Amino acid sequence: MLALQGDVREHARMVAASGGIPCEIRTPADLEDIDALIIPGGESTAIGRLATLYGLVDPLRKRISDGLPTLGTCAGMILLASEVTGGDQPLLGALDMVVERNAFGRQNESFECDLAVDGWEDAFRAVFIRAPVVDRTGPDIEVLASHNGRPVLVRKDHVMACAFHPELTGDHRVHRMLIDLVA
Amino acid sequence: MEQGTKAETTGTLRVKRGLAEMLKGGVIMDVVNAEQASIAEESGAVAVMALERVPADIRAHGGVARMADPSKVDEIMEAVSIPVMAKARIGHFVEAQVLQSLGVDYIDESEVLTPADSHHHIDKWAFTTPFVCGARNLGEALRRIAEGAAMIRTKGEPGTGNVVEAVTHMRRMNREIAQAAAAGDDQLMALARDTGAPVELLREVAGSGSLPVVNFAAGGIATPSDAAMMMQLGCDGIFVGSGIFKSGDPAVRARAIVEATTFYRDPQIVAKVSRNLGEAMVGIEIDDIPAGQRMQERGW
């Protein structure tokens, strides 16, 4: 997990429960020995600023484009995008899509709901906290789940992003998808 | 709680506690206007706390300290994209209703302001907006959580630039959590009686070995080393009140405290960011504060 800021501990628990070995990444050197990457929930402006300052942006871009299986949740989804609506912050651009921050409103509008995901029999309990949504996607982006017609779980090859927080539930299916990509 | 079969549910325990989880490893900064809020955001703050006066000024000026003017809160909410918190007086449920109606992201029921009720805290379950509350020990933290708080912070001693009380409160919290975890089932009721903690929550802490919500450090943090020390003591993140905007160069100090909070285990980075920060806020020795003026003793 990228551990500059955010809910790293929750992701670590999910990774361990899904058969992975969690470790924390704060410097470019930490990127060398990992098989997959999670960019957690948090504040995307704070994470992006620290990633830039500590020289992580280019190494992250390179590892991801070289095929490192990657999952971004909430702030992580924003950082993986190629553009943020009305914003100017450092992005990794791993997914060709435009993301809108705080798209549902402020904390009072944060919510949880049962979300239907393509190919899954049971709904996923999705927790949206000051969450982003995807405004526009490039042609290669596969949309696996939407909320009111707007994509909230997307994937392109080995890179996945969701607007909600699978790490706050006991449901391991999203993390399982990431770990399956490692094999 | 607000569970149900409805398609979308707001204000659930998971949603309230979840926002605090997202702030972990970050710094929340006290600001009194839009300009300070923007400096905080650009410096990497994960949230700002909107208030009328920082604790050091409240301490200096005396008088009754209240919720900030709603136009101030609005101004700050418009200035930044990160979460905005605001303070209500202890027990002042109408100030909290007003802050909820303004749409703030978190309400701090805070001892920094003059308490409005000398016996009761706000019933925080009645709100969609989540609450953070201060605590000096496990019993106090669990009472606040039982009232609906979704995040806890140490009280420390606000407005002093002196970290000693925050350290005391964090160490006490850690010690009491370890005691609860080591206690047998047959000892929990006595421990609940002695600490004033609700026994069901105490049982939960004993089982998990941690608080059920995020716990930040607050009250006297003024330097990058202060922040890193609180993180090494096991805090989840940092509130800085007067420490930033009462210092010589707020933007530089704000950035330094953010970096020290992320790289809290790396003394070389803490050393690097501590260089040439300009003047720190003038601190106050705790023993020099007259009895009755210690903010940490407010709250019940």
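Here's what I pulled together on the structure shown here. Values in this document were obtained by computation on a predicted structure and should not be read as measured data.

## Notes on the overall build of chain A
Point 1. A count of helical and extended segments in chain A gives 5 helices and 10 strands.
Point 2. For 183 residues, the compact-globule estimate of 2.2 N^0.38 gives 16 Å, and the C-alpha radius of gyration of chain A, at 15 Å, lies within 12% of that figure.
Point 3. Here the C-alpha coordinates of chain A stretch approximately 40 × 40 × 35 Å along the principal axes.
Point 4. Expressed as a percentage of the 183 residues in chain A, the buried residues total 59%.
Point 5. Within chain A, residue pairs in contact and separated by at least 24 positions form 64% of the contacts whose partners lie at least 6 positions apart.
Point 6. Surface accessibility of chain A: about 7,000 Å² in total, with carbon and sulfur atoms responsible for 47%.

## Focus: the overall build of chain B
Point 1. A count of helices and strands for chain B gives 13 helices and 9 strands.
Point 2. Relative to its length of 300 residues, chain B is compact, with a C-alpha radius of gyration of 18 Å against a globular reference of 19 Å.
Point 3. Residues classed as buried in chain B amount to 60% of the 300 residues present.
Point 4. Across chain B, contacts joining residues at least 24 apart in sequence account for 67% of those joining residues at least 6 apart.
Point 5. Surface summary for chain B: the accessible area is close to 11,400 Å², and the carbon and sulfur share equals 49%.
Point 6. Across chain B, the mean location of the 30 positive side-chain charges is 3 Å away from that of the 40 negative side-chain charges.

## Digging into the sheet that holds strand S1 (residues 8-10) of chain B
Point 1. Strand order in the open sheet made by the 3 strands is S6(A)-S5(A)-S1(B), with antiparallel pairing throughout. Among the strands making up the open sheet, the edge pair consists of strand S6 (124-128) of chain A together with S1 of chain B. Strand-to-strand, the axes of this sheet are offset by a mean angle of 20°, without reference to chain direction.
Point 2. Note: strand S5 (residues 111-115) of chain A against S6 of chain A, 5 bridges, orientation antiparallel. What sits directly across from Leu 115 of chain A, in S6 of chain A, is Phe 124 of chain A.

## So, helix H1 (residues 13-22) of chain B
Point 1. Summarising burial for H1 of chain B: 8 of the 10 residues are buried, a large majority.
Point 2. All buried positions along H1 of chain B are accounted for by Val 15, Lys 16, Arg 17, Gly 18, Leu 19, Ala 20, Glu 21 and Met 22 of chain B.

## Description of a negative patch on the surface
Point 1. On the surface, a cluster of negative charge is contributed by Asp 30, Glu 32, Asp 33 and Asp 35 of chain A.
Point 2. Turning to its location among the elements, Asp 30 of chain A is positioned in the loop between helix H1 (8-17) and strand S1 (37-39).

## Some thoughts on the interface of chain A and chain B
Point 1. Contact residues are listed per partner, giving 40 residues for chain A and 45 residues for chain B.
Point 2. Contact between chain A and chain B buries roughly 3,200 Å² in total, counting both sides, with carbon and sulfur atoms accounting for 49%.
Point 3. Inspection of the region where chain A meets chain B yields 6 salt bridges.
Point 4. Across the pair Asp 236 of chain B and Arg 9 of chain A runs a salt bridge, and its minimum N-O distance is 2.4 Å.
Point 5. At the boundary of chain A with chain B, the tally comes to 26 residue pairs in polar contact (both at pLDDT 80 or more).
Point 6. Of all the secondary-structure elements, those providing two or more residues to the side of chain A that touches chain B are H1, helix H2 (44-53), S5 and S6 of chain A.
Point 7. Ranked by residue count, the leading element in the side of chain A that touches chain B is H2 of chain A, at 5 residues.
Point 8. Residues that form the side of chain A that touches chain B fall into these classes: 11 nonpolar, 14 polar and 15 charged.

## A short note on the packing of aromatic side chains
Point 1. As enumerated under the stated definition, the model contains 9 aromatic pairs over all chains in all.
Point 2. Ring geometry for Phe 111 of chain A versus Phe 128 of chain A: centroids 4.8 Å apart, planes at 15°, classification stacked. Of this pair, Phe 111 of chain A sits in strand S5 while Phe 128 of chain A sits in strand S6; the two residues are 17 residues apart in sequence, bridging distant segments of the chain.
Point 3. Its relative accessible area of 1% is what places Phe 128 of chain A among the buried residues.
Point 4. Where Phe 216 of chain B meets Phe 239 of chain B, the ring centres are 5.7 Å apart and the plane angle is 65°; that geometry is what we call edge-to-face. Here the residue Phe 216 of chain B occupies a position in strand S8 (residues 214-216), and Phe 239 of chain B occupies one in strand S9 (residues 238-240), the gap between them amounting to 23 residues. Taken as a pair, Phe 216 of chain B and Phe 239 of chain B share a single burial class, namely buried.
Point 5. Here the aromatic residues Phe 104, Phe 111, Trp 120, Phe 124, Phe 128 and Phe 164 of chain A are joined through ring pairs into a cluster of three or more.
Point 6. For Arg 150 of chain A, the ring lying beneath its charged end belongs to Phe 104 of chain A, and the centroid distance is 5.6 Å.

## Section: the side chain of Lys 16 of chain B
Point 1. If you trace the backbone, Lys 16 of chain B turns up in helix H1.
Point 2. Overall, the relative accessible area of 4% leaves Lys 16 of chain B in the buried class.
Point 3. Every residue in contact with Lys 16 of chain B, bar those within four places of it in the chain, is listed here: Gln 107 of chain A together with Gly 11, Tyr 106, Lys 124, Trp 125, Phe 127, Thr 128, Thr 129, Pro 130 and Ala 150 of chain B.

## Here we look at the sheet that holds strand S9 (residues 150-156) of chain A
All names here are of chain A.
Point 1. If you trace the 5 strands from one edge of the open sheet to the other, you get S1-S2-S10-S9-S8, paired in mixed fashion. Taken across any chain shown, the strands that pair with only one partner, and hence form the sheet edges, are S1 and strand S8 (142-147). Each adjacent strand pair in this sheet contributes to an overall mean axis angle of 15°, direction not counted.
Point 2. In this structure, strand S2 (residues 70-73) lies alongside strand S10 (residues 159-162), joined through 4 bridges in parallel fashion. Each bridged residue has a counterpart across the sheet, and for Thr 73 the counterpart in S10 is Cys 162.

What counts as what
- Residues numbered from 1 in each chain as written.
- Chains lettered and ligands numbered in written order.
- Predicted model: local features only at pLDDT ≥ 70, side-chain atom pairs only at ≥ 80, totals over all residues.
- Heavy atoms only, no water.
- Helix = DSSP H or I, 4+ residues; strand = E, 2+ residues; numbered from the N terminus.
- Rg over C-alpha atoms; globule rule 2.2 N^0.38 Å.
- Buried < 20%, exposed > 50% of the residue type's maximum accessible area, 1.4 Å probe, protein only.
- Contact = heavy atoms within 4.5 Å.
- Areas by Shrake-Rupley, 256 points an atom, 1.4 Å probe, with all protein chains shown as cover.
- Lys, Arg positive; Asp, Glu negative; His and termini not counted.
- Charge placed at Lys NZ, Arg CZ, Asp CG, Glu CD.
- Pairing = 2+ DSSP bridges.
- Axes fitted to C-alpha atoms, helices over the stretch in contact; angles between N-to-C directions.
- Patch = residues over 30% accessible without salt bridge, like charges linked within 9 Å, V, L, I, M, F, W, Y side chains within 5 Å.
- Salt bridge = Lys/Arg side-chain N within 4 Å of Asp/Glu carboxyl O.
- Buried area = accessible area lost by both parts, 1.4 Å probe.
- Polar contact = N/O pair within 3.5 Å; in protein donor to acceptor, adjacent residues only side chain to side chain.
- Nonpolar A, V, L, I, M, F, W, Y, C, P; charged D, E, K, R; others polar.
- Phe/Tyr/Trp six-rings, centres within 6.5 Å; stacked < 30°, edge-to-face > 60°.
- Lys NZ or Arg CZ within 6 Å of the ring centre and 35° of its normal.

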